[in-house]
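Here's the letter readout for the chains.
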Amino acid sequence: MAGNELDELRGRNARLRQAAQAAVRRTGYMLDDAGAMLLLADRSGVILDATGDSRIRARGEENHLHPGGRWGEDAIGTNAIGTALHLAKPTTISGVEHFCEAIQRWSCAAAPISDPRTGRVLGLINISSPSTDALRRGAAFSVSLALQIEEALRSIGLQEHQRLVDQLLSRGVSRGDEIMLLNRHGQQIWSSLRDAGAGAGAAGADGGVLPDPVPELDGDVGQLAERMRAALPGAGVDIVSDGKDPIGLIVTLARAGRRRPAAAEPDLAAVARSGQAMAGICAEAQRIVEAGVALLLKGPTGSGKETLARALHADGPLSDLPLAALDCSLLDDVALRGGAATDAVLRLAERGGTLILDEPAETPAAVQPLLVQSLTQLARSAERRVQVISLSSVPLSERLAEGRLRPDLYYRLSGAVVHLPGLAGRREDLPALVADLAAHSPERRRGGALRFTPGAMLRLQAHDWPGNLRELRNMVERLSATSFSRLIDVADLPPAIAQGRPAGREPTLRDRERAEILDALAECGGNMTGTARRLGISRSTLYLKLEQYGVPRGRHR
């Protein structure tokens, strides 16, 4: 890689390098004359920086183990850097495990570095040595360094958060306007809009103007500004910079005509209609809210927790009162001592309403006492009732047992727990969910919603949906924007869904068998007898196969 190209790549990874700077510098001193070197790579496997034993670094340069070297698995086969990035988990590769013969004398341990805000892999730390003796120690060391860098990234995010709030306060707010403050990832960290709240995502994480966060923008504030201008015509969109680097946006909406159509508001009845399981969940959650008990909604990322929480507020006894939402991972002592979070708490204390706490288990330990104090203040001073709804993708009881969550905070939030299943546990609901998403897609055109062939629907029901409702919604909106016929067949689906296997993985015998069964089932119109005959197996074997592959058969004959 040419020098100017490497400089440009380093510029695009400035936050990663800034967060890693201290750890890389300390490790360089530790590894000097230790027979090993440290490499920092970006998410594509290109080495950004190298430090450590100068003799080992010189040997590494002979095999392109130097800044600018490309080590993606697609470029050089199995190696610690590329394989760890591909698997998104710590990896050790030694000797003949390397695909490339020239580096088979090396032992390497690598650990990915993820953004604490988005969960997206930003890059990787790698410890390399010609000696296999250092491999076990290198594996633990690389993981430790990755965790240190992730903590530094979190600290940088909190500092940017505070600078954004300071910028907003220094500018002042016109009396007739409403304001949204977004960080570089499109996460809304404060808003004066009653129906948005702080930390709720840019106009709603589960189906608003922007998803929460927006990983494909990769923290590019310029692209985020363009998206917001397109989504909110007429709004003022100002980029906030920290010196020379943009760190977020201030979005200003004039009071007149700023509201979204009422149809865009979460509808509890519509959520309940999405399936039998959700109908029961909605009824249970509604009873809890009506009783005024603190509610914890637990479910995997993207399962619709925030949509349900907002629907419970909109259709509940406090619907005419304020709603505020706080992203607990972004809370700090400033926010809870006179900052944006304090403003939200004070509004609720004065009038009552609903407080949504997103991922309370991610509240920094030093801030948890302040959050408990704020919740206590709400309980004591609210002239009208305040309903607290917490959203968590991890069991709070586990964080309590690990000592990472204060007992008094845990018991304030866990009055009643309602579990939301992921889509893999609601396969029977897919047809109704897809139909509803297609009917309300913002990209509908030519007057018709998408329709799915039986074969395409079977593929959707067989998919595991690791991104849950968010992944499904993104797929429907993408197809709605690109389909002219409005009829979606198997070939129109994303490759990972159409082929019945995770993206980027070669098809296995199991994948091919599942695809063959789904094809036969679609060709026979769901007729089980005809499908079994076509495949040359018994109906009972077909039933077992469908159960094995997670395909509902209730609608099939």
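Everything discussed here concerns the structure shown above.
K.L.:
How would you summarise the overall build of the chain if you had to cite specific residues and measurements?
P.N.:
Scanning the chain from N- to C-terminus turns up 21 helices and 16 strands. The buried share among the 557 residues of the chain stands at 51%. Taking the contacts inside the chain whose residues are at least 6 apart along the sequence as the reference set, 65% of them involve residues at least 24 apart. Carbon and sulfur atoms make up 50% of the accessible area of the chain, which amounts to about 25,300 Å² in all.

K.L.:
Got a sec to walk through the environment of aspartate 115? Specific residues and values, please.
P.N.:
Position of aspartate 115 among the secondary structure elements: in the loop between strand E4 (107-114) and strand E5 (121-129). A sequence separation of 99 residues divides aspartate 115 from leucine 16, and the C-alpha atoms of the two residues are 9.0 Å apart. Beyond its immediate sequence surroundings of up to four residues, aspartate 115 is in contact with Arg15, Arg120, Leu122 and His185.

K.L.:
Before we move on, could you go through the packing of aromatic side chains and cite the residues and values that matter?
P.N.:
Two aromatic rings, taken as a pair, are described by how far apart their centres are and by the angle between their planes. Per the stated rule, a full pass over the model turns up one aromatic pair. Here the aromatic rings of tyrosine 410 and tyrosine 411 are separated by 5.0 Å at their centres, their planes lie at 75°, and the arrangement is edge-to-face. Residue tyrosine 410 is classed as buried on the basis of its relative accessible area of 16%.

K.L.:
Any details on the packing of helix H20 (residues 528-535) against helix H21 (residues 539-548)? Residues and values, ideally.
P.N.:
When two helices pack together, you describe them by how their axes are tilted relative to each other and by the distance separating the axes. Taken N-terminus to C-terminus, the directions of H20 and H21 make an angle of 95°; their axes are 9 Å apart at the nearest point. Classified by the angle between their axes, H20 and H21 sit roughly perpendicular to one another. In contact with Met528, Thr529, Thr531, Ala532 and Leu535 of H20, H21 contributes Arg539, Leu542, Tyr543 and Leu546. Residues belonging to the contact of H20 with H21 are distributed by class as follows: six nonpolar, two polar and one charged.

K.L.:
With reference to specific residues and values, describe the nonpolar core.
P.N.:
Leu355, Leu357, Leu375, Leu378 and Leu409 are the most contacted members of the largest nonpolar core, which totals 25 residues. Counting residues per element, the ones that place at least two in this core are strand E11 (323-327), helix H11 (340-351), strand E12 (353-358), helix H12 (368-381), strand E13 (386-392) and helix H14 (407-413). Each residue touching leucine 375, except ones within four places of it in the same chain, is listed here: Leu355, Leu357, Val388, Leu409, Arg412 and Leu413.

K.L.:
Talk me through the packing of helix H15 (residues 430-439) against helix H16 (residues 454-462); I want residue IDs and the actual numbers.
P.N.:
Two elements in contact, H15 and H16, have axes separated by 10 Å at closest approach and are oriented at 110°. Looking at the two axes, H15 sits roughly perpendicular to H16. On H16, the residues that touch Leu430, Pro431 and Val434 of H15 are Met457, Leu460 and Gln461.

Cut-offs and rules
Residues numbered from 1 in each chain as written. Predicted model: local features only at pLDDT ≥ 70, side-chain atom pairs only at ≥ 80, totals over all residues. Heavy atoms only, no water. Helix = DSSP H or I, 4+ residues; strand = E, 2+ residues; numbered from the N terminus. Buried < 20%, exposed > 50% of the residue type's maximum accessible area, 1.4 Å probe, protein only. Contact = heavy atoms within 4.5 Å. Areas by Shrake-Rupley, 256 points an atom, 1.4 Å probe, with all protein chains shown as cover. Phe/Tyr/Trp six-rings, centres within 6.5 Å; stacked < 30°, edge-to-face > 60°. Axes fitted to C-alpha atoms, helices over the stretch in contact; angles between N-to-C directions. Parallel < 35°, antiparallel > 145°, perpendicular 65-115°, else oblique. Nonpolar A, V, L, I, M, F, W, Y, C, P; charged D, E, K, R; others polar. Core = buried A, V, L, I, M, F, W, Y, C linked by side-chain atoms within 4.5 Å.

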